[in-house]
Amino acid sequence: QVQLVESGGGLVQSGGSLRLSCAASGITVSMFTMGWFREAPGKQRELVADMSSDSAINYGDSEKGRFTSSRDNTKNTVYLQMNSLKPEDTAVYYCNALRIAPDLRTEYYWGQGIQVTVSS
C-alpha cells in the first residue's frame, strides 16, 4: 500500500518560511517524479515544483527563487522549502508521485494534503 504523508504546514506571517515534508511508504521516491501541487480556494490545483528520478527540478513561475525542492533518499522523503512566503501562497499543498512502471502502467499517487496559511 502506497502512502504519501505531508507534514510541516501551518500558519506563518508574510515573509516567513516553512518546510514541507512528504514521507513515502510503499514506493521508492528516487524512482518517481515527485511533485508538489497546491490548491487555493476557488482555484485549480497547480504545480509548485517537481523533481524527476534523475533529480531535474521544475518550478512553477510564481515559485522560482523562493521555493526549493529536495529529496533525501535515505529517508525516502521529499521536501519543499518555502521562503519569502506571501498571502497568495495560502493553499492546501499536496505531494504527488508519478512514474511509468516497467510494465508501462502509469503509477500515480497523492498525499492527503496539508494546509499552508500565510497571513499579511
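Refer to the structure printed above.
Predicted model only: the values in this text are computed from it and were never measured.

A. Representation of the pattern of salt bridges within the structure. In total, this model carries six salt bridges according to the counting rule given. Among the salt bridges present, the one from Glu-39 reaches Arg-45, with a minimum N-O distance of 2.9 Å. The exposure class of Glu-39 is partly exposed, given its relative accessible area of 29%. According to the relative accessible area criterion, Arg-45 is partly exposed, its value standing at 34%. The partner of Glu-107 in a salt bridge is Arg-99, and the shortest N-O contact between them spans 2.6 Å.

B. Broad picture of the sheet that holds strand 8 (residues 77-82). Sheet architecture is open: four strands sit in the order 1-3-8-7, paired in antiparallel fashion. Each end of this open sheet is capped by a strand with a single partner; those strands are strand 1 (3-7) and strand 7 (67-72). Adjacent strand axes in the sheet meet at a mean angle of 15°, parallel and antiparallel pairs treated alike.

C. Structural view of the state of the cysteines. Enumeration over the complete set of coordinates arrives at one disulfide. Paired by a disulfide, Cys-22 and Cys-95 hold their sulfur atoms 2.0 Å apart. Taking the sign of the S-S torsion, about -80° here, the bridge from Cys-22 to Cys-95 comes out left-handed. Placement of the pair is Cys-22 in strand 3 (residues 18-25) and Cys-95 in strand 9 (residues 91-100), with a sequence separation of 73 residues. The buried category is assigned to Cys-22, whose relative accessible area is 0%.

D. Geometry of the nonpolar core. The biggest cluster of nonpolar side chains holds 27 residues, and the ones touching the most others in it are Leu-4, Leu-20, Met-34, Trp-36, Leu-80, Met-82 and Tyr-93. Not counting chain neighbours up to four residues away, the residues in contact with Leu-20 comprise Ser-7, Gly-8, Gly-9, Trp-36, Val-78, Tyr-79, Leu-80, Met-82, Tyr-93, Ile-114 and Val-116.

Calculation criteria
Residues numbered from 1 in each chain as written. Predicted model: local features only at pLDDT ≥ 70, side-chain atom pairs only at ≥ 80, totals over all residues. Heavy atoms only, no water. Salt bridge = Lys/Arg side-chain N within 4 Å of Asp/Glu carboxyl O. Buried < 20%, exposed > 50% of the residue type's maximum accessible area, 1.4 Å probe, protein only. Pairing = 2+ DSSP bridges. Helix = DSSP H or I, 4+ residues; strand = E, 2+ residues; numbered from the N terminus. Axes fitted to C-alpha atoms, helices over the stretch in contact; angles between N-to-C directions. Disulfide = S-S within 2.5 Å. Core = buried A, V, L, I, M, F, W, Y, C linked by side-chain atoms within 4.5 Å. Contact = heavy atoms within 4.5 Å.

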